[in-house]
Amino acid sequence: MQHLVLLLLGAVTLSVSLGQDYLSYVKGGYRPVLVVAGALVVLLALHGLLRGSSERVYHRLGGLLYDSARSRAPQPRRGGRDEHDHQHEHAPRVAWLLLAPVAVLLVVAPSALGAFTAARQAAPAPVAETALAQVATNVTGLGPDDEGRPYRTMALMAYAIWSRGNPDAFEGRQVRLEGFLTPRAGGGWYVSRILISCCAADAIPVSVVLDGPATEDWQADQWVEVIGHWAPPQLHPTGGYPEAVITVDEVTPTDRPADSYED
Amino acid sequence: MLGIVVALVLVGRYVVPDLFDGPVLAAWSTVFVAVCLQALPFLVLGVLLSGAIATLVPASFFTRALPSRPQLAVPVAGAAGVVLPGCECASVPVAGSLVRRGVSPAAALAFLLSAPAINPIVLVATAVAFPDDPEMVAARFVASLLVAVLMGWLWHALGRDDWLVLRHRPEVPTGTGRWAALLSSARHDLLHAGGFLVVGGATAATLNVLVPRSWLEAVADHSVLAVLVLAVLAVVLAICSEADAFVAAGLTSFSLTARLTFLVVGPAVDVKLIALQAGTFGPRFALRFAPATFVVAVLCALAVGWALL
């Protein structure tokens, strides 16, 4: 039976990693590793199933031969069936637990981490001093606007770094950020993204304060596109550390992208 | 185990009253699935390697490759951890297989502790995560290797063989091909270790979602408490050793030594690893080995942090 558990585990791993769903749990580059692992688990399961059935056939044959042999010449009660039974693979009972992640995937199909995780962040976004130094001395600035648009699209982490390291670069520029809405402690909203370096267990949220009026229909986890201007950092209401801010010109609801984690 | 989970849920319900509201459970499910999916390839690698050790590599190879005196075999096996490019999920079945093949438990345990911590992938990830502090890579390497070797020697001096119960592995019928034997052994290990991995993954996801990050910031300025808190955090979060450096880099309010402790403790003791060890070597082993490793890892990280950082 446990071979079927493995078969299910391998099949679900394959289907998750061949589609888009795996992007909610692990980093995009992890896909080939998952596909190979899923295929190997399926292989192990099929090998077990085949071996199990061929063993059963063998045992039945062996049992028949043994019984017919015994009927002719009785032998001491040794060997025979007992010996064969020991050769079965007794799969451990703990293996049934492998059905738990399979069940959660099939029943809940949890989506990528969002506002709940972002709101739990209690420290400034981790920005390396070397990254700050790099943008401070970068003469090329933010780079050109998006083609045919009056703004430049930036990753939230990049915005947070430039906002601290080289605010002058935003002079006269419009910026576009993409992410989900997270309520801010003490009122107001952030646009947030989650960074992962391996899987969702190592999530690091990055949030930028939205400076501007919110509409009634804003909800946590709603994906939005924010177009706006740089504004000076504000202090976190309880933590007291500076947070990057964008003055909002326009907020448009969008759909959650397949790969919602920021690189 | 079930009792622990129930207790955690009850405590969690008290700490976070809206525990069973949507977002908490949704985040838990995501992290739980993520830990299991992320660990699966490493586990598959580990059980296949372990199967290969059990069936393809002759036992005489290890007696020739390792010094016969366990005191010397421990550092050699610890240094050999450099070659297994996996995380902790891969090294547990491999270490179990080594003991079955006649390698002294002390040496196998040194390998078990060093492999997930000092392999090239982990060291490169650490260098990428700490661009401002390149000495972190050297500190991690030295401290983790030190933990592995000290624990190996400690086991040799104090460990008793009856604490270590290798579970019964079914005999492969005679006449089975070596490849079929390898697959059977790998499948059995996968079913067994996989079940324990799920227990560890569920525990890690629960603590990941329940422990408020603001608790961490409250102790960051306290030098001793900060080290202990990050050591405990490494145990409860059970982040893969190839990604833990990025999380440590994010704990910017903590001292470098505290973050080094997080990196040294994590690959050696965490809830996922304790579950896997209990499954492979027996609960009596895990109950003694995990706390001892925790203490040795914290002390080594403090010593190396003081000397190098």
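Residues numbered from 1 in each chain as written. Chains lettered and ligands numbered in written order. Predicted model: local features only at pLDDT ≥ 70, side-chain atom pairs only at ≥ 80, totals over all residues.

What about the overall build of chain B?
We count it as follows: Helix and strand assignments come from DSSP, with helices taken as H or I runs of at least 4 residues and strands as E runs of at least 2, each series counted from the N terminus. Restricting the calculation to C-alpha atoms gives the radius of gyration, and the globule rule supplies 2.2 Å times the number of residues raised to the power 0.38. Residues are called buried when their C-beta atom has 20 or more other C-beta atoms within 10 Å, exposed when it has 12 or fewer, and partly exposed otherwise; all C-beta atoms are positioned from the backbone. Remark: residues whose backbone-derived C-beta atoms lie within 7 Å of one another are considered to be in contact.
On a plain count of helices and strands, chain B comes out with 15 helices and 0 strands. Against the globule reference of 19 Å for 309 residues, chain B gives a C-alpha radius of gyration of 19 Å, in line with a compact fold. Overall, the C-alpha framework of chain B stretches about 60 × 45 × 35 Å when taken along its three principal axes. When the 309 residues of chain B are sorted by exposure, 57% land in the buried category. Partitioning the contacts of chain B with sequence separation of at least 6, the portion at a separation of at least 24 is 85%.

As for the overall build of chain A
Secondary structure summary: chain A contains 7 helices and 6 strands in total. Secondary structure elements in chain A, listed N-terminal to C-terminal, are α-α-α-α-α-α-β-α-β-β-β-β-β. In chain A, which comprises 263 residues, the share counted as buried stands at 34%. Contacts in chain A between residues far apart in sequence, at least 24 positions, make up 68% of those at least 6 positions apart.

A word on the UniProt feature "transmembrane region" (unreviewed entry) in chain B
The line we're drawing: UniProt positions are given in the numbering used here, feature names are shortened, and annotations may be inferred rather than shown by experiment.
On the UniProt side, "transmembrane region" (unreviewed entry) is annotated at positions that read residues 27-60, 72-94, 106-130, 137-158, 190-211, 223-239, 245-265 and 285-308 of chain B here. Spanning residues 245-265 of chain B, this segment combines 76% helix with 0% strand, and its end C-alpha atoms are found 12 Å apart.

Let's talk about the packing of helix α6 (residues 105-118) of chain B against helix α8 (residues 135-158) of chain B
All names here are of chain B. Heads up, the rule is: Lines are fitted to the C-alpha atoms to define the axes, a helix being fitted only along its stretch in contact, and any angle between axes, read from their N-to-C directions, falls within 0 to 180 degrees. Angle categories: roughly parallel below 35 degrees, roughly antiparallel above 145, roughly perpendicular from 65 to 115, and oblique for all the rest. Crossing handedness is defined as follows: a turn of the near helix away from the far one that is anticlockwise and smaller than a right angle gives a left-handed crossing, while the clockwise case is right-handed. Each residue receives one of three labels: charged for Asp, Glu, Lys and Arg, nonpolar for Ala, Val, Leu, Ile, Met, Phe, Trp, Tyr, Cys and Pro, and polar for the others, Gly being one of them.
For the pair α6 and α8, interaxial distance at closest approach is 8 Å and the crossing angle is 165 degrees. Between α6 and α8, the crossing angle belongs to the class labelled roughly antiparallel. Crossing handedness for the pair α6 and α8: right-handed. When α6 is examined against α8, the residues Pro105, Ala106, Ala107, Leu109, Ala110, Leu113, Ser114, Ala117 and Ile118 are found in contact with a partner set consisting of Phe141, Ser144, Leu145, Val147, Ala148, Val149, Met151, Gly152, Trp153, Trp155 and His156. Of the residues belonging to the contact of α6 with α8, the class tally is 16 nonpolar, 4 polar and no charged.

Structural notes on the interface of chain B and chain A
If you look at the interface, chain B gives 54 residues, while chain A gives 53 residues. Its residues assigned to classes, the side of chain B that touches chain A shows 34 nonpolar, 14 polar and 6 charged.

Here's the deal with the pairing of strand β5 (residues 223-235) of chain A
Residue and element names in this part refer to chain A. Put simply, the test is: For two strands to be treated as a pair, DSSP must find at least two bridges joining them.
Note: strand β2 (residues 174-183) against β5, 6 bridges, orientation antiparallel. By the bridge assignment, Glu178 is partnered in β5 with Glu225. Of the strand pairs in this sheet, β5 and strand β6 (residues 242-253) are connected by 10 bridges, and their pairing is antiparallel. Note that in β6 the partner of Val226 across the bridge is Val251. Between β5 and β6, which follow one another and run antiparallel, lie 6 residues, and Gly240 among them has a positive phi close to 80 degrees.

As for the confidence of the model for chain B
Note the threshold: Scored from 0 to 100, pLDDT reflects the predictor's confidence in each residue.
Looking at chain B as a whole, the pLDDT averages 86, with 90% of positions reaching at least 70. Scoring of the predicted complex yields 0.82 for pTM and 0.85 for ipTM.

Some words on the environment of Leu44(A)
Structurally, Leu44(A) is set in helix α2 (residues 31-72). In this structure Leu44(A) comes out as buried when scored by C-beta crowding, with 27 C-beta atoms within 10 Å. Residues Leu44(A) and Val224(A), spaced 180 residues apart in sequence, show a C-alpha to C-alpha distance of 44 Å. Those residues within four positions of Leu44(A) in sequence are excluded, and the remaining contacts are Leu6(A), Leu183(B), Ala186(B), Arg187(B) and Leu190(B).

Here we look at helix α5 (residues 88-100) of chain B
Residues and elements named next belong to chain B. Counted only if it meets this: Multiplying 1.5 Å by the helix residue count minus one yields the expected span of that helix.
Taking 1.5 Å per residue as the helical rise, α5 with its 13 residues ought to reach 18 Å, and the 19 Å between its terminal C-alpha atoms agrees with that figure. With respect to burial, α5 is a largely interior element, 11 of its 13 residues being buried. Glu88, Cys89, Ala90, Ser91, Val92, Pro93, Val94, Ala95, Gly96, Ser97 and Leu98 are the residues of α5 that are buried. Buried residues along α5 sit against α2 (22-55), α3 (59-65), α6, α9 (178-210) and α14 (271-281). Once α5 ends, the next one or two residues include Gly102, with phi positive near 95 degrees.

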